[in-house]
Amino acid sequence: MKTARIMTFVLAVLLTISTEFNMPQAHGSMMRISAQNKTKGTVSVGIRTDSDKRLRIGVQAGNSGDAYYFTYQKSEGVVDIPLMFGNDNYVISLYEEIGDKYYELRDSYDLDLQLSDYNTVYLSSSLIVPWADAPTTIAKAAELTKNKKSDFEKFHAIYKYIVENISYDPYKTVPSGYRSDPDATLAGGTGICLDFSVLQAALLRSVGVKCRVVYGSEKDVDRLHSWNEVYFRGRWVTIDPTKDAQYYAAHAPYNYAKLAKNYKVTYKF
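1. Examining the pairing of strand β4 (residues 55-61)
Extensive coverage of β4 is indicated by the burial of six of its seven residues. Taken together, the six bridges between β4 and strand β5 (residues 67-72) define a ladder with antiparallel strand orientation. Its bridge partner lying in β5, Val-59 is registered against Tyr-68. Once β4 ends, the chain turns through five residues before running back antiparallel as β5, passing Gly-65 with a positive phi of about 80°. As judged from the seven bridges shared by β4 and strand β7 (residues 88-99), these two strands associate in the antiparallel manner. Bridging from a neighbouring strand, Gln-60 pairs with Val-91 of β7.

Right, dumping it as structure tokens:
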């Protein structure tokens, strides 16, 4: 099996971000913010605009300086943005395109996140892992984990189902700003690595098992990749369902736990 073929996922399909921003405050587009789910590690953002320009929602952690920018589509309405950089002071910002690779600040909102257990964030439904709006996913997770007691038992039942029933599609093309829908992945039975990792996170979170979607790279491949980290038995374990689905299809041996040192993390959601 050619491991490199699994790497068609390109981070740019989710993150289309310019590094050049004009910062002066302007008028025209504005955010509506609800922080009622802050204890779950998300903030709800709606945007009011009459512009037909591209919009970005920026999430920046004040102490670390880490930042991430989400493409926003008007059709999405209110979206739940994950606060993915740990306990920190955050600035949520709205940017509007004013030219090729140039964005201008339109609105901003400050909030402070201080959770006693930040890992509870990895149970939440968000723009990246939208499990609360995925009824098929919720039902399938309940079915797969019926009578399962421990987090490991729940994980293994879900992981086994994905590896044995979802196939990797090396030819799938997705638009810029693509976000994976776990219900669609279940219905189609195929996907790219982002689809695998989002589906596994959505299934696990819906039954109370903490799971991260991770972006970065893996030593055997030459492109960006997406995988998971799952919390059970008191630690985070690196899981790569995309690779294991291909090992399964090729009747090759594999182990659910991967060596973390072989993966280089860029972002965790």
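2. A closer look at the sheet that holds strand β6 (residues 79-82)
One key point about sheets: their strands pair by backbone hydrogen bonds, in either a parallel or an antiparallel sense. Strand order across the open sheet formed by three strands is β2-β3-β6, with antiparallel pairing between neighbours. With one partner strand each, in any of the chains shown, β2 (30-34) and β6 form the two edges of the open sheet. Within the sheet, the average angular offset between the axes of one strand and its neighbour, ignoring direction, is 40°.

3. Here we look at unusual backbone geometry
The general pattern is negative phi for most residues beyond glycine and trans for most peptide bonds. With phi around 55°, Arg-233 is a residue other than glycine that occupies positive phi space. One can find Arg-233 in the loop between β12 (225-232) and β13 (235-239). In this structure, His-251 is a non-glycine residue whose phi angle is positive, near 55°. Mapped onto the secondary structure, His-251 falls in the loop between α5 (241-249) and β14 (257-258).

4. A word on the pattern of salt bridges
If charged atoms from side chains of opposite charge come close, those side chains can pair. With the rule as written, the count across this model stands at twelve salt bridges. Among the ionic pairs, Lys-140 bridges to Glu-143, the shortest N-O distance being 3.4 Å. Residue Lys-140 and its partner Glu-143 are both found in helix α1 (residues 135-144); the two are separated by three residues, about one turn of the helix. Residues participating in the shared-partner salt-bridge network are Glu-218, Lys-219, Asp-220 and Lys-243.

5. As for the side chain of Asn-262
Turning to its location among the elements, Asn-262 is positioned in the loop between β14 and β15 (263-268). Taking the relative accessible area as the measure of exposure, Asn-262 reaches 18% and is therefore buried. Excluding residues that lie within four positions of it along the chain, Asn-262 makes contacts with Ser-217, Glu-218 and Lys-219.

6. Examining the environment of Tyr-267
Tracing the sequence through the fold places Tyr-267 in strand β15. Each C-alpha atom, one on Tyr-267 and one on Tyr-215, is 5.2 Å from the other, the two residues being 52 residues apart in sequence. Polar side-chain contacts of Tyr-267 include one of 3.2 Å to the backbone oxygen of Ala-67.

7. Overview of α1
Every buried residue of α1 is listed here: Thr-137, Lys-140, Ala-141 and Leu-144. Down the axis of α1, the buried set is contained in an arc of 100°. They therefore lie on one face. Exposed side chains of α1 directed beyond 90 degrees from the buried face belong to Pro-135 and Glu-143. Summarising the contacts, the buried residues of α1 are in contact with α2 (151-165), α3 (182-188) and α4 (193-206).

8. Brief notes about the packing of α2 against α5
Taken N-terminus to C-terminus, the directions of α2 and α5 make an angle of 55°; their axes are 7 Å apart at the nearest point. As judged from the angle between their axes, α2 and α5 are oblique. Both α2 and α5 take part in a crossing whose hand is right-handed. Within the contact between the two elements, α2 uses Tyr-159, Ile-162, Val-163 and Glu-164 and α5 uses Pro-241, Asp-244, Ala-245 and Tyr-248. For the contact of α2 with α5, the class distribution of residues is six nonpolar, no polar and two charged.

9. With respect to the confidence of the model for the protein
Looking at the protein, the pLDDT average stands at 89 and 90% of residues meet or exceed 70. Segment residues 1-26 is flagged for pLDDT under 50; beyond a separation of four residues in sequence, or across chains, it makes 84 contacts in the model.

10. Observations regarding the packing of aromatic side chains
Counted according to the given criterion, the structure contains 19 aromatic pairs. Within the aromatic cluster, the residues linked to one another by ring pairs are Tyr-68, Phe-70, Tyr-215, Tyr-267 and Phe-269. The ring of Tyr-122 carries Arg-212 above its face, with NZ or CZ at 4.9 Å from the centroid. We note Arg-212 situated over the ring of Trp-236; from NZ or CZ to the ring centre the distance is 3.7 Å.

The rules behind the values
Residues numbered from 1 in each chain as written. Predicted model: local features only at pLDDT ≥ 70, side-chain atom pairs only at ≥ 80, totals over all residues. Heavy atoms only, no water. Buried < 20%, exposed > 50% of the residue type's maximum accessible area, 1.4 Å probe, protein only. Helix = DSSP H or I, 4+ residues; strand = E, 2+ residues; numbered from the N terminus. Pairing = 2+ DSSP bridges. Axes fitted to C-alpha atoms, helices over the stretch in contact; angles between N-to-C directions. Salt bridge = Lys/Arg side-chain N within 4 Å of Asp/Glu carboxyl O. Contact = heavy atoms within 4.5 Å. Polar contact = N/O pair within 3.5 Å; in protein donor to acceptor, adjacent residues only side chain to side chain. Arc of directions from axis to C-beta. Parallel < 35°, antiparallel > 145°, perpendicular 65-115°, else oblique. Left-handed = near helix turned anticlockwise from the far one by under 90°. Nonpolar A, V, L, I, M, F, W, Y, C, P; charged D, E, K, R; others polar. pLDDT = per-residue confidence, 0-100. Phe/Tyr/Trp six-rings, centres within 6.5 Å; stacked < 30°, edge-to-face > 60°. Lys NZ or Arg CZ within 6 Å of the ring centre and 35° of its normal.

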